[in-house]
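This is what each chain is made of:
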Amino acid sequence: MGMPLPIDSISVDPEPRLITGIVEFDRALGGGIVPGSLILLGGDPGIGKSTLILQAAGRLSGKGFKSLYLSGEESPQQIKLRAERLSIHSGNLFILSGACIEDLFDKMKELKPDILIVDSIQTTYASSLPSAPGSVGQLREVSSKLLRWAKETNVPTFLIGHVTKDGAIAGPKVLEHLVDTVLYFEGDNNHQYRIIRAVKNRFGASNEIGVFEMKEAGLIEVGNPSRIFLEERPERIAGSVVIPCLEGTRPILVEIQALVTPSPLGTPRRTAIGVDHNRVSLLTAVLAKRMGIGLGDQDIFVNVAGGLKVDEPAADLGIVSAMISSHLDKPVASDIVIFGEIGLAGEIRGVSQPELRINEAKKLGFKRCLLSKSNMDICRAISNIELVGLDSVRDLMQVIF
Ligand code: TYD
Ligand code: MG
């Protein structure tokens, strides 16, 4: 421990971040890879973690950075085949098949890589511990050894981790505390879209996302996600509503779909995909109590098109509009976007960053936006889109059709 220093006397000489050039990946990282940082990339098996990290390593090695990819899951031949599919050719990208972390450190003394990738953290082990790879003790030991190494050498290190069904990175949450940055790779296997999300970032804003599409030749960046998520939107169909949601600092338009039909069952079904089903129940109760629209005998299905997950209350007003539209079998006007939080009294509350949301809608050609009155006050300067401010869900019926 040195002497305490007056803060003004401390000089910082920030090293430039490593930019992979995969814009959506760099964005999720808060602008690139910070030297010496330990980054956890988690996600369900098969979602595309190895593909993404190999593509990133390919780009960096193409720029002259020596990359070392340790795989405890695949042989060098398998990785080579994948690299060929991804058109990665580089003399700077080194593949090491193995799982023992002490071996890795030995090899690194010679190779001196500029970037290290460990795929996966669950398959690697420290021989100093008797427990099996993937055990809590091993995860902790391997990660803290790599952390120390990354800080000493200033080499950025990626840990790939499989996520368990309940959403936590397998084993302990302790991994998340240990590392500088936690990225989750999300999506479902029925859709080609993948989202990389920074859930923690010591060196940038968290919740930043990057959007990709999984294609034959690997992950392709999606520069304009709103357009993609609205691509297959049906025309003039009841129950479909477009909402501008916010992912990190990024506005994205998504389509909410609702289907409300008389239920043949004693206990009607409530199914929510991509939105919180408790939220849907709450909104159903608000509809009944504040608008007199009782759906107690109806099955209700709510879905976010494209496999996206929306967990902001800002989606409330759009969800309710979609439910009303389906229930009455009347399509919502196709040039409207809708956002706002709904309170239990049926009041419509303001949400964060309304300007960003409205501008995104404008960019995609929408002509009208329904929002809370309180949000409207700070958005009056926005032109070329009609803003309709609402106080309560009771006002909704006059404006959505
Ligand atoms: P992978 O990166 O191995 O997933 P993870 O490391 O997260 O387990 O990706 C697995 C899936 O991606 C696999 O089902 C095949 C598919 N894929 C493509 O569609 N295109 C490609 O170019 C590659 C390499 C994989
Ligand atoms: Mg993998």
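All values derive from a computational prediction rather than experimental measurement.

J.: What is the right way to look at the site of ligand 1 in this model?
T.: Residues in close proximity to ligand 1 total 16 residues, the closest being Gly46, Lys49, Ser50, Thr51 and Lys215. One nitrogen or oxygen atom from the side chain of Thr51 is found 2.5 Å from an oxygen atom belonging to ligand 1. Contacts to ligand 1 include Glu216, whose backbone N or O atom sits 2.9 Å from an oxygen atom. At the level of secondary structure, the elements contributing two or more residues to the shell around ligand 1 comprise helix 2 (49-62), helix 3 (76-85) and strand 8 (209-215). Sorting elements by how many residues they give to the shell around ligand 1 places helix 2 first, with 3 residues. Residue classes in the shell around ligand 1 are distributed as 5 nonpolar, 5 polar and 6 charged.

J.: How should I be thinking about the sheet that holds strand 5 (residues 157-162) in this particular structure?
T.: The strands making up a sheet are joined through hydrogen bonds of the backbone, oriented either antiparallel or parallel. In space, the 9 strands of this open sheet follow the order 3-2-4-5-1-6-7-8-9, with mixed pairing throughout. The strands lining the two open edges of the sheet, one partner per strand, are strand 3 (93-97) and strand 9 (218-221). When strand polarity is set aside, the average angle formed by the axes of neighbouring strands in this sheet is 25 degrees. One ladder, built from 6 bridges, connects strand 6 (residues 181-186) with strand 7 (residues 193-201); its direction is antiparallel.

J.: Help me out: how do you make sense of the pattern of salt bridges in this one?
T.: Oppositely charged side chains are able to pair whenever their charged atoms sit close together. Within the structure shown, the criterion is met by 19 salt bridges. Glu216 serves as the salt-bridge partner of Arg85, at 3.9 Å between the closest nitrogen and oxygen. On the criterion of sequence distance, the pair formed by Arg85 in helix 3 and Glu216 in the loop between strand 8 and strand 9 is long-range, its members being 131 residues apart. The residues Arg85 and Glu216 share a single accessibility class, namely exposed. Linking Arg357 and Glu312 is a salt bridge whose minimum nitrogen-to-oxygen distance equals 2.9 Å. You can see Arg357 sitting in helix 10 (residues 354-363) and its partner Glu312 sitting in the loop between strand 13 (298-304) and helix 9 (316-328), a full 45 residues away along the chain. Each member of the pair, Arg357 as well as Glu312, carries the same accessibility label: buried.

Rules and cut-offs
Residues numbered from 1 in each chain as written. Chains lettered and ligands numbered in written order. Predicted model: local features only at pLDDT ≥ 70, side-chain atom pairs only at ≥ 80, totals over all residues. Heavy atoms only, no water. Near = heavy atom within 4 Å. Polar contact = N/O pair within 3.5 Å; in protein donor to acceptor, adjacent residues only side chain to side chain. Helix = DSSP H or I, 4+ residues; strand = E, 2+ residues; numbered from the N terminus. Nonpolar A, V, L, I, M, F, W, Y, C, P; charged D, E, K, R; others polar. Pairing = 2+ DSSP bridges. Axes fitted to C-alpha atoms, helices over the stretch in contact; angles between N-to-C directions. Salt bridge = Lys/Arg side-chain N within 4 Å of Asp/Glu carboxyl O. Buried < 20%, exposed > 50% of the residue type's maximum accessible area, 1.4 Å probe, protein only.

This is a description of form; function is not addressed.
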